[in-house]
Amino acid sequence: MLTSFHSMESGGDDGKVPTTVIFVVGTFLFFKLRYYIRGGTSMENLTEEQLYTRLQKLTAAILDLDGEAMAQIQVRLDSLTKPQGSLGQLEQLAKQLGGIQRTSGPKILKKAVLTMAGDHGVVEEGISAFPQEVTPQMAYNIMNGGAAINVLARQANAEVILTDVGIAFPVEGSLINKRVANGTQNMTKGPAMTRRQALQALLAGAEVAEEKIREGYNLFATGELGIGNTTPSSAIVSILTNSAVEDVVGRGTGIDDAGVIRKRRAIEKAIEVNQPDKTDALDVLSKVGGLEIAAIAGSILQAAASHVPIIIDGFISTAGALIAAKLAPKSMAYMIPSHGSVEIGHRKALAGLGLDPILNLDMRLGEGTGAAITFYIVESALHILEEMATFADAGVTEKTV
Ligand SMILES: O=C(O)c1ccc[n+]([C@@H]2O[C@H](COP(=O)([O-])O)[C@@H](O)[C@H]2O)c1
Ligand SMILES: Cc1cc2nc[nH]c2cc1C
């Protein structure tokens with residue numbers, strides 16, 4: 001210690017940079033560079049307790065919506081040239097956006113679909129119509145701009161941000177690397193993830209949202225990709241909405257009747273083996289959830305903490321939203337529903353959040369596709385608020401009785 005202090009002093013005297021400084025700065029730069037090259041989360045060296053403290057800080061930062069801003073928007077909506085309330089859900093959306101952004105003049109600057117990808121050990125049980133290799137193959141398709149989500153996001157002038165939270169093996173290219181594991185474990189044989197991994201994946205999702213908010217994005221859509229992920233989603237929805245497993249297990253990518261029976265059995269076995277505690281969202285998430293589902297929940301929590309609205313896509317996204325709501329009930333006010341998925345448990349999952357789908361297009365693709373289409377509706381609400389003439393402006397007579 002004394003020696004290095006001495007060497008620092010002598011370094012200053014003879015104009016040379018002391019070795020201690022070179023070592024400290026070099027080590028710092030090495031780890032920073034490694035983080036940027038390899039990606040990964042900034043949480044690798046944190047203990048489970050430290051990760052949990054981060055999550056608690058995140059959930060504690062979520063506020064109720066700004067009632068004052070919402071009241072001002074209601075006055076403005078009622079002054080516009082239409083019978084009061086006649087624009088229905090568009091009016092509710094305008095108020096919600098003002099309440100979230102804490103202003104009577106909400107604005108959308110940049111939009112992004114946060115598509116989280118991960119794999120699932122439970123595919124061993126024959127619960128999907130497609131093999132696991134489709135997850136990385138579709139990740140490349142998204143990176144090449146050829147997936148449905150690319151088409152719909154381009155049309156809506158939104159970015160697709162693909163994040164690898166735990167595809168079974170690493171993929172290269174223009175995606176964010178937040179890999180926590182090479183997929184989850186088979187939940188019929190034990191927990192899908194450790195509690196620490198679930199926390200890491202949650203916070204990885206929050207980090208992605210935070211990075212994008214710093215870049216100026218202020219409207220998100222959730223999205224995901226992961227062969228087998230309707231199985232953990234059904235497990236989560238069953239547990240958190242007190243629904244029978246058979247009422248929330250659907251065909252996913254298109255499995256046949258025998259596959260649906262295997263899927264139900266796998267979920268029942270996973271619940272039997274792991275005994276998830278339904279009062280503890282982290283317990284449910286880690287035992288019968290998925291890495292991308294955790295990241296979706298984390299992105300919702302970060303959006304809410306940063307006053308950013310987030311549109312919830314289909315069945316898997318809604319399972320993530322249920323986890324977020326359980327961890328921070330106030331986050332529900334920041335969620336905007338999109339479409340009703342064909343997946344049978346979706347309505348029950350949405351009802352658990354007090355949400356009704358805005359669109360019914362018989363979709364069941366995921367990736368963020370239903371949420372991307374909803375960007376237009378959210379933007380319509382703000383165009384109405386900003387651009388419509390008032391009764392006074394237009395010289396239109398107001399309601400008489
Ligand atoms: O979002 C939905 O409602 C939805 C419903 C069914 C399937 N998916 C997508 O299909 C994959 C999961 O289906 P499965 O059958 O492999 O569990 C996954 O990549 C999801 O993005 C998505
Ligand atoms: C082809 C394909 C595309 C997907 N996109 C999201 N989940 C998917 C599942 C499959 C099978």
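Note that the structure is a prediction, hence the values are computed from the model and not measured.

Glancing now at the overall build of the protein chain. Looking only at helices and strands, the protein chain features 16 helices and six strands. With the principal axes as the frame, the protein chain shows a C-alpha extent of 90 × 65 × 40 Å. Here the protein chain, with 401 residues, has 49% of them falling under the buried criterion. Contacts in the protein chain between residues at least 24 apart in sequence constitute 77% of all its contacts with a sequence separation of at least 6.

Here the focus is the nonpolar core. In this structure, Val113, Phe220, Ile236 and Leu301 are the most contacted members of the largest nonpolar core, which totals 112 residues. It is helix 12 (residues 291-305) that contributes the most residues to this core, 11 residues altogether. If sequence neighbours within four positions are ignored, Ile236 has contacts with Val284, Val288, Gly289, Ile293, Ala319, Leu322 and Ile323.

Right, let's talk about the site of ligand 2 for a bit. The full set of residues close to ligand 2 is Phe130, Val134, Met138, Leu225, Thr253, Leu365, Gly366 and Glu367. Across the shell around ligand 2, the residue classes tally to five nonpolar, two polar and one charged.

Within the element layout of this structure, Gly368 appears in the loop between helix 14 (346-351) and helix 15 (369-387). When the C-alpha atoms of Gly368 and Thr115 are compared, they prove to be 6.5 Å apart, with 253 residues separating the residues in sequence. Excluding anything up to four places from it in sequence, Gly368 contacts Val113, Thr115, Ile149, Ala221, Thr222, Gly223 and Asp313.

Here the focus is unusual backbone geometry. Phi is positive for Gln275, which is not a glycine, with a value near 45 degrees. By the element assignment, Gln275 lies in the loop between helix 10 (257-274) and helix 11 (281-288). Of note, the phi angle at Asp362 is positive, near 55 degrees, even though the residue is not glycine. On the secondary structure map, Asp362 appears in the loop between helix 14 and helix 15.

This part is about the UniProt feature "active site" (unreviewed entry) in the protein chain. Here, the residues flagged by UniProt with the feature "active site" (unreviewed entry) are Glu367. Note on placement: Glu367 falls in the loop between helix 14 and helix 15. Look at Glu367 and you get buried, because 29 C-beta atoms sit within 10 Å. Not counting chain neighbours up to four residues away, the residues in contact with Glu367 comprise Thr115, Ala147, Ala148, Ile149, Gly223 and Leu225.

Looking now at the sheet that holds strand 6 (residues 335-337). Read from one edge of the open sheet, six strands run 3-2-1-4-5-6, paired in parallel fashion. Both edges of this open sheet fall to strand 3 (176-177) and strand 6, since each of them pairs with a single strand only. Seen against the sheet, helix 13 (residues 315-327) touches strand 4 (217-225), strand 5 (310-312) and strand 6 and runs at an angle of roughly 115 degrees to strand 4. Helix 15 contacts strand 1 (110-118), strand 4, strand 5 and strand 6 of the sheet and is inclined by roughly 155 degrees relative to strand 4.

In this model, helix 12 (15 residues) spans 21 Å end to end at C-alpha, consistent with the 21 Å of a helix rising 1.5 Å per residue. Among the 15 residues of helix 12, 15 are classified as buried, and the element is accordingly described as predominantly covered. Residue His307 follows helix 12 closely and has a positive phi angle near 65 degrees.

Near ligand 1 lie 24 residues; those nearest to it are Ser128, Gly252, Gly314, Ser341 and Gly366. Of all the elements in the fold, those that place two or more residues in the shell around ligand 1 are strand 4, helix 9 (230-240) and helix 13. Of the residues belonging to the shell around ligand 1, the class tally is eight nonpolar, 11 polar and five charged.

For the rest of this paragraph, the subject is the pairing of strand 2 (residues 159-166). By the criterion of burial, strand 2 is predominantly enclosed, with seven of the eight residues buried. Where strand 1 meets strand 2, seven bridges bridge the pair, whose relative direction is parallel. For Thr115, the partnering residue across the bridge sits in strand 2 and is Leu162. Pairing analysis gives two bridges linking strand 2 to strand 3, with the strands arranged parallel. Looking at the pairing, Asp164 lines up with Asn177 of strand 3.

The N-to-C vectors of helix 4 (residues 67-79) and helix 5 (residues 88-101) enclose an angle of 145 degrees; their axes lie 8 Å apart at closest approach. With respect to the hand of their crossing, helix 4 and helix 5 are arranged in right-handed fashion. Contact residues: Ala69, Met70, Ile73, Gln74 and Leu77 in helix 4; Glu91, Ala94, Lys95, Gly98 and Gly99 in helix 5. Considering only residue class, the contact of helix 4 with helix 5 consists of five nonpolar, three polar and two charged.

Chain-level pLDDT for the protein chain is 93 on average; 91% of the residues reach the 70-or-more range. Between residues 1-13, whose pLDDT stays under 50, and residues either more than four places distant or in other chains, the model counts 10 contacts. This model gives residues 32-38 a pLDDT under 50, and the stretch forms three contacts once residues within four places in sequence are excluded.

Definitions and cut-offs
Residues numbered from 1 in each chain as written. Chains lettered and ligands numbered in written order. Predicted model: local features only at pLDDT ≥ 70, side-chain atom pairs only at ≥ 80, totals over all residues. Helix = DSSP H or I, 4+ residues; strand = E, 2+ residues; numbered from the N terminus. Buried ≥ 20, exposed ≤ 12 C-beta atoms within 10 Å, placed from the backbone. Contact = placed C-beta atoms within 7 Å. Core = buried A, V, L, I, M, F, W, Y, C linked by C-beta atoms within 7 Å. Near = placed C-beta within 6 Å. Nonpolar A, V, L, I, M, F, W, Y, C, P; charged D, E, K, R; others polar. UniProt positions renumbered as here; feature names shortened; annotations may be inferred. Pairing = 2+ DSSP bridges. Axes fitted to C-alpha atoms, helices over the stretch in contact; angles between N-to-C directions. Expected span 1.5 Å × (residues − 1). Left-handed = near helix turned anticlockwise from the far one by under 90°. pLDDT = per-residue confidence, 0-100.

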